[in-house]
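Structural features, examined
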Amino acid sequence: MAILCREHDLLYIRVPATGSSVVARALQEKLGGESVPERPVRRNGDTVVPKTHCTVPELVTHGVLSRECVDRCLVVANVRNPFDRWTTYYQRRAGGDWIEYSAGVQRRQLARRREKLTDEEYERKRRAINQREQEQKQKGRLMRWVGFNAWMTYTLVRWWWKGKSRGQELSKYAFPMLGGVDVAIRQEHLNEGVNRVLEIAGVDERVRLPEKNMTSAKQPYTEYYAWSSRALVESMLGSEMRHFGYGFPGPVGDEPVVFLNNE
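Residues numbered from 1 in each chain as written. Predicted model: local features only at pLDDT ≥ 70, side-chain atom pairs only at ≥ 80, totals over all residues. Heavy atoms only, no water.

Brief notes about a nonpolar patch on the surface
A cluster of nonpolar side chains, contributed by L142, W145 and V146, occupies part of the molecular surface with about 360 Å² of accessible area. Within the secondary structure layout, W145 lies in helix 6 (residues 119-146). (Patch = residues over 30% accessible without salt bridge, like charges linked within 9 Å, V, L, I, M, F, W, Y side chains within 5 Å. Areas by Shrake-Rupley, 256 points an atom, 1.4 Å probe, with all protein chains shown as cover. Salt bridge = Lys/Arg side-chain N within 4 Å of Asp/Glu carboxyl O. Helix = DSSP H or I, 4+ residues; strand = E, 2+ residues; numbered from the N terminus.)

Dropping the structure here:
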């Protein structure tokens, strides 16, 4: 879901693994933000706008928000040092706990909808959750077996090949879901960045965010990279990272937000 603060013309896009949950909660509690969409949007049985993490183009294309509404809003999202975010993704998938947690959330959501579903629909959805959980666990075991650096190298090469064949920029893998976004909040300066955005939007309210969630068993991201995988990231995505003020050692400077040009 995205968070829409109608009174303040502020739209917040939730980018995974960037601290978006705490920002979304603060906007809902302090500014009356509403979830858009309230539930996943499906077309012909396929989810076209997911509930948790959706983009501006998805919201507009599938009629969740009008183009006029989005144009009125200051559109905001988070960014994070890709070196760090990729190790979080790896640890969540390879560790297994996150997969079980995610499947548990889906099962509880399905249980709440039980009375609205036929026995056949309920059983089909239950089996689908179980199947996805097993597939993700199998993928996690493979990731653990090959190790972070082999996985990272394979992933970067796959992204490069997909981008080459489809004419897509690699930056979307380092900084995803920024299409239509006006201002990016740097996750490393999250509290200051959110309040800077509120100031830009003309909101008098200020917030104090809780500490971000820590991924279980995750070491400092710099300990994951071999020189080869680090060099590959820097050669492929170095210019994009510099634009957002990131490098391997960490953020460059203490500016909490980055202004984007999506024209």
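A few points about the state of the cysteines
Inspection of every chain in the model, using the stated rule, returns 0 disulfides. Here C54 stays unpaired: no disulfide links it, and the sulfur of C69, its closest cysteine neighbor, is 13 Å away. Relative accessible area serves as the criterion here: at 0%, C54 is assigned to the buried category. Looking at C69, it has no disulfide partner, and the nearest cysteine sulfur is the one in C73, 4.5 Å off. Judged by relative accessible area, C69 falls into the buried class, the value being 7%. (Disulfide = S-S within 2.5 Å. Buried < 20%, exposed > 50% of the residue type's maximum accessible area, 1.4 Å probe, protein only.)

Comments concerning the packing of helix 4 (residues 82-95) against helix 6
Put simply, helix 4 and helix 6 touch, their axes get as near as 7 Å, and they point 115° apart. Of helix 6, the residues touching helix 4 (which contributes Y89, Y90, R93, A94 and G95) are Q136, K139, G140, M143 and R144. When grouped by side-chain class, the residues that make up the contact of helix 4 with helix 6 number 4 nonpolar, 3 polar and 3 charged. (Axes fitted to C-alpha atoms, helices over the stretch in contact; angles between N-to-C directions. Contact = heavy atoms within 4.5 Å. Nonpolar A, V, L, I, M, F, W, Y, C, P; charged D, E, K, R; others polar.)

Observations regarding helix 1 (residues 20-31)
Taking 1.5 Å as the rise per residue, helix 1 with 12 residues should run 16 Å; its terminal C-alpha atoms sit 16 Å apart, in good agreement. Residues of helix 1 that are buried include every one of S20, V22, V23, A24, A26, L27 and L31, and no others. In this structure, the buried residues of helix 1 make contact with strand 1 (2-5), strand 2 (10-13), strand 6 (74-79) and helix 9 (190-200). A positive backbone phi angle near 70° is found at G32, which sits one or two residues after helix 1. (Expected span 1.5 Å × (residues − 1).)

A look at the pattern of salt bridges
This model, assessed by the stated rule, comprises 11 salt bridges. The closest approach of N and O atoms between R126 and E123, which form a salt bridge, is 2.3 Å. On the criterion of helical spacing, the pair formed by R126 and E123 is a turn pair, its members being 3 residues apart in helix 6. Judged by relative accessible area, which is 31%, R126 ranks as partly exposed. By relative accessible area, which is 26% here, E123 ends up partly exposed. Measuring nitrogen to oxygen at the nearest pair gives 3.1 Å for the salt bridge that ties E234 to R230. You can see E234 and its partner R230 sitting in helix 10 (residues 227-244), 4 residues apart, about one turn around the helix. What makes R230 partly exposed here is its relative accessible area of 31%. Several salt bridges converge on common partners, so that one network encompasses E100, R107, E133 and K137.

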